[in-house]
Amino acid sequence: MKYDQIEVDILFANLSLESIPEDLQIHNDELLRDMEVRCVRSLNGCRNTDEILNSVKNLEVFRLTLRVIKIWAKRRGVYSNMLGYLGGFACAMLVAKAAKMNPNADVPTLIHKFFTIFSKWHWPEPVLLKTMYTLDMTFTVWNPEIWNHHDPNLMPIITPAYPQQNSTHNVTKSSFKVIKEEFERGLTVTNEIINHTEDWAKLFDEPPFF
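What counts as what
Residues numbered from 1 in each chain as written. Predicted model: local features only at pLDDT ≥ 70, side-chain atom pairs only at ≥ 80, totals over all residues. Heavy atoms only, no water. Helix = DSSP H or I, 4+ residues; strand = E, 2+ residues; numbered from the N terminus. Rg over C-alpha atoms; globule rule 2.2 N^0.38 Å. Buried < 20%, exposed > 50% of the residue type's maximum accessible area, 1.4 Å probe, protein only. Contact = heavy atoms within 4.5 Å. Lys, Arg positive; Asp, Glu negative; His and termini not counted. Charge placed at Lys NZ, Arg CZ, Asp CG, Glu CD. Axes fitted to C-alpha atoms, helices over the stretch in contact; angles between N-to-C directions. Parallel < 35°, antiparallel > 145°, perpendicular 65-115°, else oblique. Left-handed = near helix turned anticlockwise from the far one by under 90°. Nonpolar A, V, L, I, M, F, W, Y, C, P; charged D, E, K, R; others polar. Salt bridge = Lys/Arg side-chain N within 4 Å of Asp/Glu carboxyl O. 1 Å grid on protein atoms, 1.4 Å probe; cavity = no way out; pocket = protein on both sides within 12 Å on 5 of 7 lines; lining within 4 Å. Points joined across faces, edges and corners; volume = space filled by probe spheres on them. Core = buried A, V, L, I, M, F, W, Y, C linked by side-chain atoms within 4.5 Å.

**Points about the overall build of the protein chain**
Line of reasoning, step 1. For the protein chain, the helix and strand inventory stands at six helices and two strands.
Line of reasoning, step 2. Of the regular secondary structure in the protein chain, the N- to C-terminal order runs β-β-α-α-α-α-α-α.
Line of reasoning, step 3. Taken against the 2.2 N^0.38 rule, which gives 17 Å for 210 residues, the C-alpha radius of gyration of the protein chain at 18 Å falls within 12% of a compact globule.
Line of reasoning, step 4. Counting only C-alpha atoms, the protein chain reaches 60 × 45 × 35 Å along its principal axes.
Line of reasoning, step 5. A burial count over the protein chain gives 42% of its 210 residues as buried.
Line of reasoning, step 6. By sequence separation, contacts in the protein chain at least 24 residues apart represent 63% of the contacts at least 6 residues apart.
Line of reasoning, step 7. Each charge class in the protein chain can be summarised by its mean position, and for the 22 positive and 26 negative side chains these summaries are 6 Å apart.

The structure is reproduced here in structure tokens:
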């Protein structure tokens, strides 16, 4: 639906509670016990967002950097989770990871660090914001040994809230190659910007279609 011309998703989760307290702590994993999988997915949209925001030191720098990275991904044709590229959540995870590794960086520095880190990332090493853990529940948790054996994940970006999942499971060999090339181009361009031989507009140049 749209509110004030802004698209928003309405999520629903059926909780095993007689009433919903105003101070409900949705990050309490016990809320998930005996919950339907589809409800867990809905609730984890909020839980994962909270985990990301709680992981960064400077929210304003994070938000501005994320806006830049989303614009870059859309302009360069690598923004679409359904088509095997980066979705909004994956972009947020990558920016949060870069911010966590560089907590005192300003926006231009963090953008450069973003491309530096992920152009050199040792994929398929997963991107994690926190240590993974399991609980005595029946939900499937992402396991690199199982998934790499049966259905190789090329660039796993793992959701932080339990049960942890790979947010980039749609990435294919061809889309993975394109994403890596764009990370490398982003590093080259931001290096030129830092050296004052290019301006920021070049980062957002749209690639030729033919």
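**As for the packing of helix H2 (residues 59-75) against helix H4 (residues 107-119)**
Line of reasoning, step 1. At a minimum axis distance of 9 Å, the contact between H2 and H4 shows a crossing angle of 50°. The orientation of H2 with respect to H4, classified from their angle, is oblique. Our pair here, H2 against H4, has a crossing hand that is right-handed. In contact with Val-61, Leu-64, Thr-65, Val-68, Ile-69 and Trp-72 of H2, H4 contributes Val-107, Leu-110, Ile-111, Phe-114 and Phe-115.
Line of reasoning, step 2. Along the lines of polarity and charge, the residues of the contact of H2 with H4 split into 10 nonpolar, one polar and no charged.

**Structural notes on the pattern of salt bridges**
Line of reasoning, step 1. For the structure shown, the criterion picks out nine salt bridges.
Line of reasoning, step 2. Where Asp-136 meets Arg-33, a salt bridge forms, and the shortest distance between an N and an O atom there is 3.0 Å. Of this pair, Asp-136 sits in the loop between H4 and helix H5 (144-150) while Arg-33 sits in the loop between strand S2 (6-7) and helix H1 (37-55), and the two are 103 residues apart along the sequence.
Line of reasoning, step 3. The class for Arg-33 is partly exposed, based on a relative accessible area of 28%.
Line of reasoning, step 4. One salt-bridge network, in which partners are shared between bridges, spans Glu-30, Arg-33 and Asp-136.

**Thoughts on the layout of surface pockets**
Line of reasoning, step 1. For the largest pocket, the calculated volume is near 930 Å³.
Line of reasoning, step 2. In this structure, the largest pocket is lined by 30 residues; those nearest its centre are Arg-41, Asn-44, Asn-48, Thr-159 and Gln-165.
Line of reasoning, step 3. Those elements that provide at least two residues to the lining of the largest pocket are H1 and helix H3 (88-101).
Line of reasoning, step 4. Looking at the lining of the largest pocket, its residues break down into 11 nonpolar, 16 polar and three charged.
Line of reasoning, step 5. Approximately 350 Å³ is the volume found for the second largest pocket.
Line of reasoning, step 6. If you list the elements that add at least two residues to the lining of the second largest pocket, you get H1, H2 and H3.
Line of reasoning, step 7. In terms of residues, the lining of the second largest pocket owes the most to one element, H2, which gives four residues.
Line of reasoning, step 8. Class assignment for the residues of the lining of the second largest pocket results in seven nonpolar, three polar and two charged.

**Remarks on the nonpolar core**
Line of reasoning, step 1. Membership of the largest hydrophobic core comes to 44 residues, with the highest contact counts inside it found for Trp-72, Phe-114, Phe-118, Trp-123 and Phe-183.
Line of reasoning, step 2. Mapped by element, the contributors of at least two residues to this core are H2, H3, H4 and helix H6 (173-194).
Line of reasoning, step 3. The element contributing the most residues to this core is H3, with nine residues.
Line of reasoning, step 4. The residues touching Trp-72, leaving out its near neighbours within four places in the chain, are Val-78, Leu-86, Phe-114, Phe-115, Glu-182, Phe-183, Leu-203 and Phe-204.
Line of reasoning, step 5. Among the nonpolar cores identified, the runner-up in size contains 11 residues, and Ile-26, Leu-32, Met-137 and Phe-139 belong to it.

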